[in-house]
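So the chains spell out like this:
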Amino acid sequence: AGREARSVSTFEMTIRGLGGLLSAHALSGDRLFLRKAEQLGEALNTAFVPGRFPLPSVSLKKQGAGMHGGGGVNPAEVGTLSLEFHSLARATKRPEFDAGPDDVRRRMAATVTLINSSLVPLSLKSSGGAHPTGRVSLGAMGDSYYEYLAKTAILDPRLRPTAGAMFKAALLEIEQQLLVPREHGRTFLAEASMNGRRGRPAGGASAAGAPRAPSDKPLFSKILKMDHLACFLPGTIAVALHHGVVPRGEGHEEVAEGILKTCIDMYRMTPSGIAPEILSLGPGNTPEVRRNDRHNLLRPETAESLYFVGLLTGKPRYRRAAWDMFAAFRAGSRASDGAYTSLD
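Cut-offs and rules
- Residues numbered from 1 in each chain as written.
- Predicted model: local features only at pLDDT ≥ 70, side-chain atom pairs only at ≥ 80, totals over all residues.
- Heavy atoms only, no water.
- Helix = DSSP H or I, 4+ residues; strand = E, 2+ residues; numbered from the N terminus.
- Contact = heavy atoms within 4.5 Å.
- Areas by Shrake-Rupley, 256 points an atom, 1.4 Å probe, with all protein chains shown as cover.
- Buried < 20%, exposed > 50% of the residue type's maximum accessible area, 1.4 Å probe, protein only.
- Pairing = 2+ DSSP bridges.
- Axes fitted to C-alpha atoms, helices over the stretch in contact; angles between N-to-C directions.
- Parallel < 35°, antiparallel > 145°, perpendicular 65-115°, else oblique.
- Left-handed = near helix turned anticlockwise from the far one by under 90°.
- Nonpolar A, V, L, I, M, F, W, Y, C, P; charged D, E, K, R; others polar.
- Disulfide = S-S within 2.5 Å.
- Salt bridge = Lys/Arg side-chain N within 4 Å of Asp/Glu carboxyl O.
- Phe/Tyr/Trp six-rings, centres within 6.5 Å; stacked < 30°, edge-to-face > 60°.
- Expected span 1.5 Å × (residues − 1).

Enquirer: Please set out the overall build of the protein chain residue by residue, giving values where relevant.
Expert: Per the secondary structure count, the protein chain includes eleven helices and twelve strands. Long-range contacts, defined as pairs at least 24 residues apart, comprise 66% of the intrachain contacts of the protein chain with a sequence gap of at least 6. Of the roughly 16000 Å² of accessible surface on the protein chain, 54% is carried by carbon and sulfur atoms.

Enquirer: Explain the pairing of strand 11 (residues 278–281) residue by residue, including any values.
Expert: Here strand 11 shows a buried face lined by Ile278 and Ser280 and a second buried face lined by Leu279 and Leu281. Looking at chain direction, strand 10 (residues 225–227) and strand 11 are connected through three bridges and run antiparallel. Residue pairing in the sheet places Met226 in a bridge with Leu279 of strand 11. Of the pairings in the sheet, the one linking strand 11 to strand 12 (residues 287–288) comprises two bridges and is antiparallel in character. Within strand 12, the residue paired with Leu281 across the bridge is Pro287. Between the end of strand 11 and the start of strand 12, which pair antiparallel, lie five residues, with Gly284 showing a positive phi angle near 70°.

Enquirer: Any chance you could break down the sheet that holds strand 10 for me, citing the residues and the numbers?
Expert: Taken in spatial order, the three strands line up as 10-11-12 in an open sheet, and their pairing is antiparallel. A strand with exactly one partner marks an edge of an open sheet, and here the two such strands are strand 10 and strand 12. Against the sheet, helix 9 (residues 252–268) touches strand 10 and strand 11, its axis set at about 80° to strand 10.

Enquirer: Let's hear about the packing of helix 5 (residues 96–115) against helix 7 (residues 160–177): which residues, and what values?
Expert: Packing of helix 5 against helix 7 leaves a shortest axis separation of 11 Å and a crossing angle of 45°. The angle between helix 5 and helix 7 falls in the class oblique. With respect to the hand of their crossing, helix 5 and helix 7 are arranged in left-handed fashion. Taken together, the residues of helix 7 that come into contact with helix 5 (itself represented by Arg105, Met108 and Ala109) are Thr162, Ala163 and Met166. When the residues that make up the contact of helix 5 with helix 7 are grouped by side-chain class, the tally is four nonpolar, one polar and one charged.

Enquirer: Which residues make up the state of the cysteines, and what values do they have?
Expert: Summed over the entire model, instances satisfying the criterion amount to one disulfide. In this model, Cys231 is linked to Cys263 through a disulfide, with the two sulfur atoms separated by 2.1 Å. Measuring handedness by torsion sign, the sulfur bridge of Cys231 and Cys263 sits at about -105° and is left-handed. Residue Cys231 is located in the loop between strand 10 and helix 8 (232–242), and its partner Cys263 is located in helix 9; the two are separated by 32 residues in the primary sequence. Each of the two residues, Cys231 as well as Cys263, counts as buried.

Enquirer: Could you give an account of the pattern of salt bridges, naming the residues involved and the relevant values?
Expert: Considering all chains together, one arrives at 22 salt bridges under this definition. Between Asp265 and Arg186 there is a salt bridge, with the nearest N and O atoms lying 2.4 Å from each other. With a gap of 79 residues between them, Asp265 in helix 9 and Arg186 in the loop between strand 6 (179–181) and strand 7 (187–189) connect regions that are remote in the sequence. Classification of Asp265 by relative accessible area gives buried; the value is 16%. Accessibility expressed as a relative area gives 22% for Arg186, which makes it partly exposed. The network of salt bridges with common partners includes Asp98, Asp102, Arg105, Asp156 and Arg158.

Enquirer: Lay out the packing of helix 1 (residues 10–28) against helix 2 (residues 31–44) in plain terms, naming residues and giving numbers.
Expert: A pair of packed helices is captured by two measures, namely the crossing angle of their axes and the spacing between those axes. Here helix 1 crosses helix 2 at 160°, and the two axes come no closer than 8 Å. With respect to their mutual orientation, helix 1 and helix 2 come out roughly antiparallel. For the crossing formed where helix 1 meets helix 2, the hand is left-handed. Together, Thr10, Met13, Thr14, Gly17, Leu18, Leu21, Leu22, Ala24, His25 and Ser28 of helix 1 and Arg31, Phe33, Leu34, Lys36, Ala37, Leu40, Gly41 and Leu44 of helix 2 make up the contact between the two elements. Looking at side-chain class alone, the contact of helix 1 with helix 2 contains ten nonpolar, six polar and two charged residues.

Enquirer: An account of the packing of aromatic side chains is needed here, citing residue identities and associated values.
Expert: Inspection of every chain in the model, using the stated rule, returns six aromatic pairs. Ring centres 4.8 Å apart and planes at 65° place the aromatic pair Tyr145 and Tyr146 in the edge-to-face group. A relative accessible area of 3% means that Tyr145 is categorised as buried. Look at Tyr146 and you get buried, because its relative accessible area is 1%.

Enquirer: So, helix 9: which residues are in play, and what are the values?
Expert: Helix length check: helix 9, at 17 residues, gives a terminal C-alpha distance of 24 Å against a target of 24 Å (1.5 Å per residue), a fit within 8%. Of all the 17 residues making up helix 9, 13 are buried; the element is thus mostly covered by neighbouring parts of the structure.

Nothing here speaks to function; it is geometry throughout.
The structure is reproduced here in structure tokens:
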């Protein structure tokens, strides 16, 4: 068997391995990278199986020998495959690479319809669908699902009516359900607990074929916790605004800037100038970092958002904040050999 037969994460190998090879080809024009991407894509494509969400893991040697690891999946691992596979389909002129992500998007759209919410819980059934209960987060296990909706709509105009519309609807619900306004234009992006539907117990269902009424939407209870991972959202909103996935003039730019101010605060509030992994709100919505959340894993989300929001608004404050971040990392996490390391 050996090392080659071991399974790999479909999600991780797609975004890092397949995405890396496709990026190398796009930057260099060297078709060797495209040939390797095509070979890897063929192996990873076996994760898409009929009647269910993609397999979370596959064997690159024994293709198709994946496993579902307990029967559940999360939105990020099944929803963060489209950019790479759609790009591979275009580069190789093989439309079969489009089929898997297209099926995932249909299943996610069906899930959104089933629970009557564009904010999906972190635990999904492998066969598709979910109960309107559980945790909703734009941090770990949820983040890149929403990011890829917007960026897929930008990559492929044919998907504007599906992926683009799904992102727009999700953004509106994020603004309604997850934002906590703070002083000086700052906005905290909370998580939430989805607690069944108004007027019916958790897991209840509408009569067969009956459309969901607005009052049948899930109940949300905010959880005052914000992962650094969630700092991707301001940049994604900025890119979506620039490309017309969501319209200007409806307050989305102000939302992006408000969240980004909180992301910048995560860096400026620490003596090192390096952000914690998680920020919480204490009494009076006072920002606090809990003992187990003080580590830093060199996350790129705030840097990306500073770049895109800076381009969108033209405000120099975002360039200054980016330079402060760079200087803090250089002083606090640069090893003697020039590499950078995570911090406990």
